[in-house]
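# Examination of the molecular architecture
Listed here are the chains, written in short residue letters.
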Number of protein chains: 2
Amino acid sequence: MEKNDRYFMHIAIEEAKKAGAIGEVPIGAVIVLDGEVIAKAHNLREAEQTAIAHAELLAIDIACKETGSWRLDNAVLYVTLEPCAMCSGAIILSRVKKVVYGASDPKGGCAGTFMNLLQDDRFNHQSEVVSGVLKEETGELLTNFFRELRTKKKAEKKKKKAEIEITKINSL
Amino acid sequence: MEKNDRYFMHIAIEEAKKAGAIGEVPIGAVIVLDGEVIAKAHNLREAEQTAIAHAELLAIDIACKETGSWRLDNAVLYVTLEPCAMCSGAIILSRVKKVVYGASDPKGGCAGTFMNLLQDDRFNHQSEVVSGVLKEETGELLTNFFRELRTKKKAEKKKKKAEIEITKINSL
């Protein structure tokens, strides 16, 4: 299999699924240097209860530690969802060469949709950006996750209502 | 001593000095909840060789772990230098109530100087911002650090030049 953008995005999707499997919003990221994966991470905000545990930020931290340098000049970052302001800031600081993302985030994506921090030439670094790689698969992961969440919440609400009814009947 | 903004900024300055003492750019941050310091951190980018080791980001991570929650709704963050894009993003994500900073950063400050991510009402959270607390002290820390760095670099260059001269003379 050719190691192209779709190949590495598939690995990011596998990471995203790991997040989904433990009830986290399914977002995954991979960092590639000279054609090799040097870091993989997925969203761990709920599990770790820390606001900074986004897939991209964790992957950048792993990649820096792996290479022994805070500079990731020749690295490419693959992420299933467009990076937020925090992660875009981390991408700028670590000088990641290229960012490839799947689904766009109109509410907070800072790689061209909501804002374009990654290509603001007033910063001392700009990244190449490729958007929409495996757009459907990466987007569906999120859509399905939130649909299931809503269904679960509805079912819980219904169950609670029924329990209240039973309590009322029993106390008659 | 009254525990006001200047009081907590003094603690952030002590953190910044710890960074300076190990050759890091002297920036320090403190997070306060209900009048008590729950997290202190300083810039560790060079020591840890990771792009994400900014004072504010580290302090947010510590505070989340300390409180057991990624939400820092009632927390106040004190930092000696205006937060960058990454740290401002982390502040938004963790819902920090108020940010108090010392020196402004015209080149990358995202709390009102270069950009104002912290008060962009298109995000789902905005923080109160107080700027310029102990502005002189926090600014001087940075000015002195970079002045010393330039002096050191100049001296090293001079020494190298002299060594080349000696080699030349010896080879005559």
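As the structure is a prediction and not an experimental result, all values here were calculated from the model.

### Things to note about the overall build of chain A
Looking only at helices and strands, one finds five helices and five strands in chain A. Listing every helix and strand of chain A by position from the N terminus yields α-β-β-α-α-β-α-β-β-α. When the backbone C-alpha atoms are referred to their principal axes, chain A occupies close to 70 × 40 × 30 Å. Per-residue burial for chain A yields a buried fraction of 48% across its 172 residues.

### Here we look at the pattern of salt bridges
Residues and elements named next belong to chain B. All told, the structure shown has 18 salt bridges over all chains when counted by the stated rule. Of the charged contacts in the structure, one is a salt bridge between Lys-17 and Glu-14, with a shortest N-O distance of 3.8 Å. Highlighted residues: Lys-17 and Glu-14, both in helix H1 (residues 5-21), separated by three residues, approximately one helical turn. Of the residues examined, Lys-17 reaches a relative accessible area of 44% and is grouped as partly exposed. You can call Glu-14 partly exposed: its relative accessible area is 43%. Salt-bridge contacts for Asp-120 lead to Arg-122; the nearest nitrogen and oxygen are separated by 2.8 Å. Take Arg-122: its relative accessible area is 48%, and that puts it in the partly exposed class.

### Focus: the packing of aromatic side chains
One pass over the structure, following the stated rule, counts eight aromatic pairs over all chains. With a centroid separation of 5.0 Å and 85° between ring planes, the pair formed by Tyr-7 of chain A and Phe-8 of chain A is classed as edge-to-face. Judged by relative accessible area, which is 22%, Tyr-7 of chain A ranks as partly exposed. Taken together, the ring pairs in this structure connect Tyr-7, Phe-8 and Tyr-78 of chain A into an aromatic cluster. A cation sits over an aromatic face here: Arg-45 of chain A above Trp-70 of chain B, 3.6 Å from the ring centre.

### Focus: the relation of the copies chain A and chain B
Note on the copies: chain A fits chain B at an RMSD of 0.1 Å, the axial shift is 0.0 Å, and the rotation between them is 180°. Both chain copies can therefore be described as sitting about a two-fold axis. Of the C-alpha atoms belonging to chain A, the one lying closest to the rotation axis is found on Met-86 of chain A, 2.0 Å away.

### Observations regarding the interface of chain A and chain B
Tallying the contact residues gives 29 residues for chain A and 29 residues for chain B. In this assembly, chain A packs against chain B so that about 2,600 Å² is buried in total across both faces, 71% of it on carbon and sulfur atoms. For chain A, the biggest contributors to the area lost against chain B are Gln-49, Trp-70 and Leu-93 of chain A; these three give 23% of the whole. Connecting chain A to chain B are zero salt bridges. Remark: the boundary between chain A and chain B carries six residue pairs in polar contact (both at pLDDT 80 or more).

### Focus on the sheet that holds strand E4 (residues 98-103) of chain A
Residues and elements named next belong to chain A. The five strands are arranged E2-E1-E3-E4-E5 in an open sheet whose pairing can be described as mixed. The sheet is open, and its two edges are formed by strand E2 (36-42) and strand E5 (128-130), each paired on a single side. Each strand of the sheet is rotated relative to its neighbour by a mean of 15°, with strand direction disregarded. The sheet contact formed by strand E1 (residues 28-33) and strand E3 (residues 76-81) spans four bridges and is antiparallel. Among the inter-strand pairings, Ala-29 is bridged to a residue of E3, identified as Val-79. Of the strands in this sheet, E3 and E4 touch helix H5 (residues 135-170), which is tilted by about 60° from E4.

### Some points on the side chain of Arg-95 of chain B
All names here are of chain B. One can find Arg-95 in the loop between helix H4 (85-93) and strand E4 (98-103). In this structure Arg-95 is buried but unpaired, with Asp-73 as the nearest side chain of opposite charge at 5.3 Å. When near neighbours in sequence (up to four residues on either side) are disregarded, Arg-95 contacts Trp-70, Arg-71, Leu-72, Asp-73, Asn-124 and His-125.

### Thoughts on the sheet that holds strand E2 (residues 36-42) of chain B
Residues and elements named next belong to chain B. In space, the five strands of this open sheet follow the order E2-E1-E3-E4-E5, with mixed pairing throughout. A single partner strand is all that each edge strand has here, and the edge strands are E2 and strand E5 (128-130). With strand direction ignored, the average angle separating the axes of adjacent strands in the sheet is 15°. Helix H3 (residues 55-67) rests against strand E1 (28-33), E2 and strand E3 (76-81) of the sheet, and its axis sits at about 140° to E2.

What counts, and where the lines are drawn
Residues numbered from 1 in each chain as written. Chains lettered and ligands numbered in written order. Predicted model: local features only at pLDDT ≥ 70, side-chain atom pairs only at ≥ 80, totals over all residues. Heavy atoms only, no water. Helix = DSSP H or I, 4+ residues; strand = E, 2+ residues; numbered from the N terminus. Buried < 20%, exposed > 50% of the residue type's maximum accessible area, 1.4 Å probe, protein only. Salt bridge = Lys/Arg side-chain N within 4 Å of Asp/Glu carboxyl O. Phe/Tyr/Trp six-rings, centres within 6.5 Å; stacked < 30°, edge-to-face > 60°. Lys NZ or Arg CZ within 6 Å of the ring centre and 35° of its normal. Least-squares fit on C-alpha atoms with pLDDT ≥ 70 in both. Contact = heavy atoms within 4.5 Å. Buried area = accessible area lost by both parts, 1.4 Å probe. Polar contact = N/O pair within 3.5 Å; in protein donor to acceptor, adjacent residues only side chain to side chain. Pairing = 2+ DSSP bridges. Axes fitted to C-alpha atoms, helices over the stretch in contact; angles between N-to-C directions. Lys, Arg positive; Asp, Glu negative; His and termini not counted.

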